[in-house]
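# Tertiary structure, described
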Amino acid sequence: MATITERIDNITRIPPAYLKAVLPAPKSVKIEVSPRCNYRCGFCALRTREVQPKWDMDFALFKRITREMREAGVEEIGVFYLGESFMNPRLLIDCIAYLKQEIGMPYVFLTSNASMSFPEAAEACMKAGLDSLKWSVNASDDAQFERIMGVSRRLFHRALDNIKAAWEIRREKGYRTGLYASSIRYDGAQQEMMEALLKERVRPYVDQHYWLPLYSMGAFATQREQELGYRPTAGNQGRLDALRSPLPCWSAFTEGHVTADGKLSACCFDANANWTMGDLTRQSFMQAWNAEKFVKLREAHLKKDVSGTVCEKCIAYG
């Protein structure tokens, strides 16, 4: 079985068959089960939302579009996009169970901040068939956590407790869910600060840990990033050990991104519907995936000239 980093690299690497404007179905799609999050991370595009969404993904819509995806050839579904899916654990578990037990999705994965993944919910996800559960661990201590995540430091400790609990549940019950963690390398000094925490509280309870760059989040979070003293990398270039060229951006070619209200986006970090390419409440997945608007955007990326497009202001091209 492929490791989590191999799977990530396979998605961020655009194969020759996908270097086209009109495409077959992507191998991977992320779906926003819940658009809400209990963190206010300084580097996240969610901070730019003036009003946080109140409605989670409609389960009937989720079932329809994921069945379409599977029939079209999608092989991996992420039951998250921008929000924290454990904000609605019952819906999350139902979505995982439907994907694995009803339509036979080969691989179902989830990224979480761990603070809401209480042990009963984590176990229910494993029991439903979740293949991969990855934790985002991006602060070295509770003081830094409070400053960067913008919430009470007690959530820092709760998240670490939940990471350990999930590992112990898997060991005791024999579930097959892979457990992983990633961390943002803000700069060299931050990595050094993180190492002690990771060694003691994270790496013993995951199968693999890897580093990510500080993403620009589509250039919408850069002001807050500057306030915190960190410099983002260009666009979304994948993980640090396998960075990709920002043009053409893999996000528009190899992975779908669906918001909780059913919009198909061309961007990994589309918190404000700036990159909406289609509406899955009115279109099939493949109609939206190859909609005229999306095709024209991909053509610009293939030419490596996104001037005049919605991607023009991304920090990757500034």
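Residues numbered from 1 in each chain as written. Predicted model: local features only at pLDDT ≥ 70, side-chain atom pairs only at ≥ 80, totals over all residues. Heavy atoms only, no water.

### Re helix 4 (residues 119–128)
Listing the buried residues of helix 4 in full gives A121, A122, C125, M126 and A128. Seen end-on, helix 4 carries its buried residues on one side only, within an arc spanning 165 degrees. Helix 4 presents E120 and K127 as exposed residues on the side facing more than 90 degrees away from its buried surface. The inward-facing, buried residues of helix 4 abut helix 3 (89–102), helix 6 (154–173) and strand 5 (178–184). Two residues or fewer past helix 4, G129 is found with a positive phi of approximately 115 degrees. (Buried < 20%, exposed > 50% of the residue type's maximum accessible area, 1.4 Å probe, protein only. Helix = DSSP H or I, 4+ residues; strand = E, 2+ residues; numbered from the N terminus. Arc of directions from axis to C-beta. Contact = heavy atoms within 4.5 Å.)

### Here's the deal with the pattern of salt bridges
One pass over the full model with this rule turns up 16 salt bridges. The salt bridge partner of E255 is K30, with a shortest N-O separation of 3.7 Å. Here E255 is found in strand 7 (residues 255–258), whereas its partner K30 is found in strand 1 (residues 28–31), with 225 residues between them in sequence. Across this residue pair, the class does not change: E255 and K30 are buried. For D207, the salt bridge identified is with R170, shortest N-O distance 2.7 Å. Here D207 is found in the loop between helix 7 (188–202) and strand 6 (208–212), whereas its partner R170 is found in helix 6, with 37 residues between them in sequence. Given the relative accessible area of 41%, D207 is considered partly exposed. According to the relative accessible area criterion, R170 is buried, its value standing at 15%. Connected through shared salt-bridge partners, D142, E146 and R153 make up one network. (Salt bridge = Lys/Arg side-chain N within 4 Å of Asp/Glu carboxyl O.)

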